[in-house]
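Chain residues, written in single-letter form:
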Amino acid sequence: MIEIALSSETDFEGWRDAARRLCAAGVSPADVSWRTPGDPPSLLGGDSEPSAAPGAAVRAPKRFVDLARKAACLRDHERFVRLYALLVKLQERPHLLDDPADPDAAWLWAGDKAIRRDVHKMHAFVRFKEAGESAGGRERFAAWFEPEHRILELAAPFFMRRFAGMDWVIVTPDGTAAWGGATLAFGPPGTRGDVPADDAVEEQWRTYFKSIFNPARLKVSAMTAEMPKKYWKNLPEASLIPDLIATAETRNRAMQAAAPTQPSRLSQRLIERRAAQAKSDAEIPATLDEARAQAERCERCPLHCNASQTVFGEGPGDARLMIVGEQPGDAEDLAGRPFVGPAGQVLDQGLKEAGIERTHTYLTNAVKHFKYERRGKRRIHQRPTSAEIDHCRWWLDLERELVKPELTVALGASAARGLLGETVKIADVRGRVIEAGAGPALVTVHPSYLLRLPDPVRKAEEEARFVEELRLAHGVLAA
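Residues numbered from 1 in each chain as written. Predicted model: local features only at pLDDT ≥ 70, side-chain atom pairs only at ≥ 80, totals over all residues. Heavy atoms only, no water.

### Some remarks on the overall build of the protein
Moving on, step 1. Of the regular secondary structure elements, the protein holds 18 helices and 14 strands.
Moving on, step 2. For 479 residues, the compact-globule formula gives about 23 Å, and the C-alpha radius of gyration of the protein, at 29 Å, lies well above that figure.
Moving on, step 3. Counting every position in the protein, which comprises 479 residues, the buried fraction comes to 40%.
Moving on, step 4. For the protein, restricting intrachain contacts to residue pairs at least 6 apart in sequence, the fraction spanning at least 24 positions comes to 70%.
Moving on, step 5. Approximately 26,100 Å² of the protein is accessible, and the part contributed by carbon and sulfur atoms is 53%.
Moving on, step 6. Looking at charge distribution, the protein has the averaged site of its 67 positive side-chain charges lying 4 Å from that of its 68 negative ones. (Helix = DSSP H or I, 4+ residues; strand = E, 2+ residues; numbered from the N terminus. Rg over C-alpha atoms; globule rule 2.2 N^0.38 Å. Buried < 20%, exposed > 50% of the residue type's maximum accessible area, 1.4 Å probe, protein only. Contact = heavy atoms within 4.5 Å. Areas by Shrake-Rupley, 256 points an atom, 1.4 Å probe, with all protein chains shown as cover. Lys, Arg positive; Asp, Glu negative; His and termini not counted. Charge placed at Lys NZ, Arg CZ, Asp CG, Glu CD.)

Below you can see the structure in the form of structure tokens.
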């Protein structure tokens, strides 16, 4: 029996290195014992690792690595044993993860679901308490949390991004995470006593929870499914729940019996104006001009809050070719037109070399508002999320329906998702005409990708390939 000692309960990298060596040497899962710091030494351990055969290679899909990294955090004594068994089986059955009948594969997917749920619950139910001020005068907070699995390192980066302006520490039975404004550090386990007792912040939580509790919509089973009782002991607002449930029916009847209040004349005018606008927006536009006017009021996602304006598509309403980019950039956001910035100049040059007239082409983006972050006086582009692309897909589908292009060219992964409704790898579909809902589409890279290439030789090669793919689009239309 070969015994592998791991450095921690979640030592995925240690397991990965050892598993790769053992699998390459053909060691059976039954001949390996995985020991974490809390386990006693195996009585059967002591055998040395055999050498791998020359040229032996261990292969596993990337998603197995991602799933295994999370599975290492499960509070399951057999987790490393089962992961190694899966790795060995994957050498003979590369598509094993798609087999729901395999018990190890089913265990891995169930573990992934459990970890993701536990991380979500930690993000939702951590409650910070005031802990004074740090040496630099920043506010300091502390929280105690008891996750179901060892997810601290997976969940902590969220709090670093969410509360970057304050110093905090999260204490769990498995370890601690601390943020001081520069680096996220992990330390040894702690206890509830390491966190201050009740403070004003907890009273604020109770006030907030009581104010948003709606007795008319109370469903105890749904509430306990979203906020399981095992978390209540660490939630300050949980002390209110029994009384709020007990008095819900009485409060609901009182709300129903209360006389309705009448809006002021100003409020009434605003209500009527919003109703008229909502009725207008509910009607599906019949022309591009109507769509453009309605899109200017679009609030389907939060991106409209910071953008200067909606940047709708432009071009002939009967264009045979439609080109779809990712989103407006800084120049487009200010001008209100697509592809007028640096990436637009690269696209114009590519169209010219490919023999395509820009004025005969309909140009638009998968997302109609500029997403960015501020760095000093500059607005730096941020890639839209899948959810933001999907929210905006309604507009892109409408544009394709109204224009009815014979071919649509998607520039980059975001544009491809907007057309296909799913994420694809550009390398898998680039340069090929594929079916995309309302008609055929050709996927290539976004011009901004060409602008970012540092190597002049590689840049020239990619620019030539980009032009060649635009020529292919031109040839498809000519045919």
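### Overview of helix α13 (residues 342-354)
Moving on, step 1. Its 13 residues give α13 an end-to-end C-alpha distance of 19 Å, which sits within 8% of 18 Å, the value for a rise of 1.5 Å per residue.
Moving on, step 2. Of all the positions in α13, only Ala343, Gly344, Leu347, Gly350, Leu351 and Ala354 are classed as buried. Burial along α13 is one-sided: seen end-on, the buried residues are contained in an arc of 120 degrees. In α13, the exposed positions angled more than 90 degrees off the buried face are occupied by Pro342, Gln345 and Lys352.
Moving on, step 3. For α13, the secondary structure elements touched by its buried residues are β8 (321-325), β9 (361-365), β12 (407-411), α17 (447-452) and α18 (456-478).
Moving on, step 4. Directly beyond the C-terminal end of α13, a positive phi value near 80 degrees is found at Gly355. (Expected span 1.5 Å × (residues − 1). Arc of directions from axis to C-beta.)

### Side note on the sheet that holds strand β4 (residues 139-144)
Moving on, step 1. The mixed open sheet is built from five strands, whose spatial order is β3-β4-β5-β6-β7. Only two strands of the sheet have a single partner each, and these edge strands are β3 (129-133) and β7 (184-187). Here the strands of the sheet are splayed against their neighbours by 20 degrees on average, with no regard to which way each runs.
Moving on, step 2. As judged from the four bridges shared by strand β5 (residues 167-171) and strand β6 (residues 176-179), these two strands associate in the antiparallel manner. Within the sheet, the bridge partner assigned to Val171 lies in β6 and is Thr176.
Moving on, step 3. With respect to the sheet, helix α5 (residues 152-162) is in contact with β5, β6 and β7, its orientation differing from that of β7 by roughly 145 degrees. (Pairing = 2+ DSSP bridges. Axes fitted to C-alpha atoms, helices over the stretch in contact; angles between N-to-C directions.)

### A few points about the nonpolar core
Moving on, step 1. Residues Trp15, Trp34 and Tyr84 are the most contacted members of the largest nonpolar core, which totals 60 residues.
Moving on, step 2. Excluding residues within four positions of it along the chain, Trp15 makes contact with Leu6, Trp34, Phe64, Phe80, Leu83 and Tyr84. (Core = buried A, V, L, I, M, F, W, Y, C linked by side-chain atoms within 4.5 Å.)

### A short note on the pairing of strand β14 (residues 440-444)
Moving on, step 1. Taken across its five residues, β14 has four buried, putting it largely inside the fold.
Moving on, step 2. As paired strands, strand β13 (residues 433-435) and β14 are joined by three bridges and run antiparallel to one another. When the sheet's bridge partners are listed, Ile434 is paired in β14 with Ala441.
Moving on, step 3. Linkage of β13 to β14, two consecutive antiparallel strands, is achieved through a turn of four residues, within which Gly437 is found at a positive phi near 70 degrees.

### Regarding the sheet that holds β12
The strands making up a sheet associate through hydrogen bonds between their backbones, and the pairing can be parallel or antiparallel.
Moving on, step 1. Spatially, β9-β8-β12-β14-β13 is the arrangement adopted by the five strands of the open sheet, whose pairing is mixed. One side of each edge strand has no neighbouring strand; the edge strands of this open sheet are β9 and β13. Averaged over all adjacent pairs, the angle separating strand axes in this sheet is 30 degrees, with direction ignored.

### Observations regarding the packing of helix α1 (residues 12-24) against helix α2 (residues 62-71)
Moving on, step 1. One can describe the packing of α1 onto α2 by two numbers: an axis separation of 10 Å at closest approach and a directional angle of 130 degrees. By the angle class used here, α1 and α2 are oblique. Considering how the two elements wind past one another, α1 and α2 form a crossing that is right-handed. Facing α1, whose interface residues are Phe12, Glu13, Trp15 and Arg16, α2 presents Phe64, Val65, Ala68 and Arg69.
Moving on, step 2. Here the residues of the contact of α1 with α2 are counted per class, giving five nonpolar, no polar and three charged. (Parallel < 35°, antiparallel > 145°, perpendicular 65-115°, else oblique. Left-handed = near helix turned anticlockwise from the far one by under 90°. Nonpolar A, V, L, I, M, F, W, Y, C, P; charged D, E, K, R; others polar.)

### Observations concerning the pattern of salt bridges
Moving on, step 1. Following the criterion strictly, the structure yields 40 salt bridges and no others.
Moving on, step 2. The partner of Asp98 in a salt bridge is Arg63, with the nearest N and O atoms 2.6 Å apart. Of this pair, Asp98 sits in the loop between α3 (79-92) and α4 (103-125) while Arg63 sits in helix α2, and the two are 35 residues apart along the sequence.
Moving on, step 3. Take Asp98: its relative accessible area is 47%, and that puts it in the partly exposed class. (Salt bridge = Lys/Arg side-chain N within 4 Å of Asp/Glu carboxyl O.)

### Let's talk about unusual backbone geometry
Moving on, step 1. The backbone phi angle of Phe339 is positive, close to 55 degrees, even though this residue is not glycine.
Moving on, step 2. Examined against the element boundaries, Phe339 turns out to sit in the loop between α12 (330-335) and α13.
Moving on, step 3. Residues other than glycine seldom take positive phi values, yet Lys404 does so here, at roughly 55 degrees.
Moving on, step 4. Its place among the elements puts Lys404 in the loop between α14 (386-403) and β12.
Moving on, step 5. Residue class for Lys404 comes out exposed when judged on its relative accessible area of 61%.

Remember that the coordinates give geometry; whether it matters functionally is a separate question.
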